[in-house]
Amino acid sequence: MNADPEAASVQVEPRVRPQPRRTRELDETRALELLGRAGVGRVVYTVGALPAVLPLRFRLDALGGVLLSAEAGSELARAVDNAVIAFEADEVDGTDGTGWCVTVLGRAEVRRPSPAPGARVEIRIAPELVVGRELTPDLP
């Protein structure tokens, strides 16, 4: 077998993404303000004792509750009803690694729709714990 000696000498540098080395905790008011600006987040729940993560569009209500929409008979609607779950959204700059991340933990309530075919349910996560962090670059 003849190997190409030039091909063997080519070195590929790994792609390195800048990582912020500092985080700053945000107060709940600021965390919810940032969360309200995001359009998509991730709901984290369990199915058969295994973790599941699903990206979804969402909105916040006046009390900071996270409102989601799902098909009435979906796995999500069945799995989260009256369960403690997490919801996370973030905005991170891919160039310098700065941004923010907000996580809401709380009990989910599935609000039943009318019995019409193809109906959707609203899922509300009552915020019991809101944790926000700002990702900042190293200071010189």
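Refer to the structure printed above.
A brief structural summary. Quick caveat, the model's predicted, so the values are computed rather than measured. (Residues numbered from 1 in each chain as written. Predicted model: local features only at pLDDT ≥ 70, side-chain atom pairs only at ≥ 80, totals over all residues. Heavy atoms only, no water.)

**Overview of the overall build of the protein chain**
Helix and strand counts for the protein chain stand at three helices and nine strands. Going from the N terminus to the C terminus, the protein chain shows its helices and strands as α-β-α-β-β-β-β-α-β-β-β-β. Burial statistics for the protein chain: of 140 residues in total, 32% are counted as buried. Long-range contacts, defined here as pairs at least 24 residues apart, represent 59% of the contacts in the protein chain between residues at least 6 apart. For the protein chain, the accessible surface area stands at approximately 9,400 Å², while carbon and sulfur atoms represent 52% of it. (Helix = DSSP H or I, 4+ residues; strand = E, 2+ residues; numbered from the N terminus. Buried < 20%, exposed > 50% of the residue type's maximum accessible area, 1.4 Å probe, protein only. Contact = heavy atoms within 4.5 Å. Areas by Shrake-Rupley, 256 points an atom, 1.4 Å probe, with all protein chains shown as cover.)

**Examining helix α2 (residues 28-37)**
Residues of α2 that are buried: Ala-31, Leu-32, Leu-34 and Leu-35. Within α2, the buried residues cover an arc of 160° as seen down the axis, which keeps them to one side. Projecting away from the buried face of α2 at angles above 90 degrees are the exposed residues Thr-29 and Arg-37. In the core, the buried residues of α2 are packed alongside β1 (22-26), β4 (59-60), β5 (66-71), β6 (84-92), β7 (99-111) and β9 (129-136). (Arc of directions from axis to C-beta.)

**Section: the side chain of Arg-124**
Among the structural elements, Arg-124 can be located in strand β8 (residues 120-125). Take Arg-124: its relative accessible area is 12%, and that puts it in the buried class. Within polar-contact distance, the side chain of Arg-124 engages the side chain of Asp-61 at 2.5 Å. With residues up to four places along the chain from it excluded, the contact list for Arg-124 reads Asp-61, Leu-63, Gly-65, Val-66, Leu-67, Arg-107, Ala-108, Glu-109 and Arg-111. (Polar contact = N/O pair within 3.5 Å; in protein donor to acceptor, adjacent residues only side chain to side chain.)

**Here's the deal with the pairing of β6**
One ladder, built from three bridges, connects strand β2 (residues 40-47) with β6; its direction is antiparallel. Bridge pairing in β6 places Val-43 opposite Phe-87. Taken together, the nine bridges between β6 and β7 define a ladder with antiparallel strand orientation. Paired with Ala-89 across the strands is Val-102, a residue of β7. Between the antiparallel neighbours β6 and β7 lie six residues, among them Gly-97 with a positive phi of about 80°. (Pairing = 2+ DSSP bridges.)

Any link to function would need more than the numbers given here.
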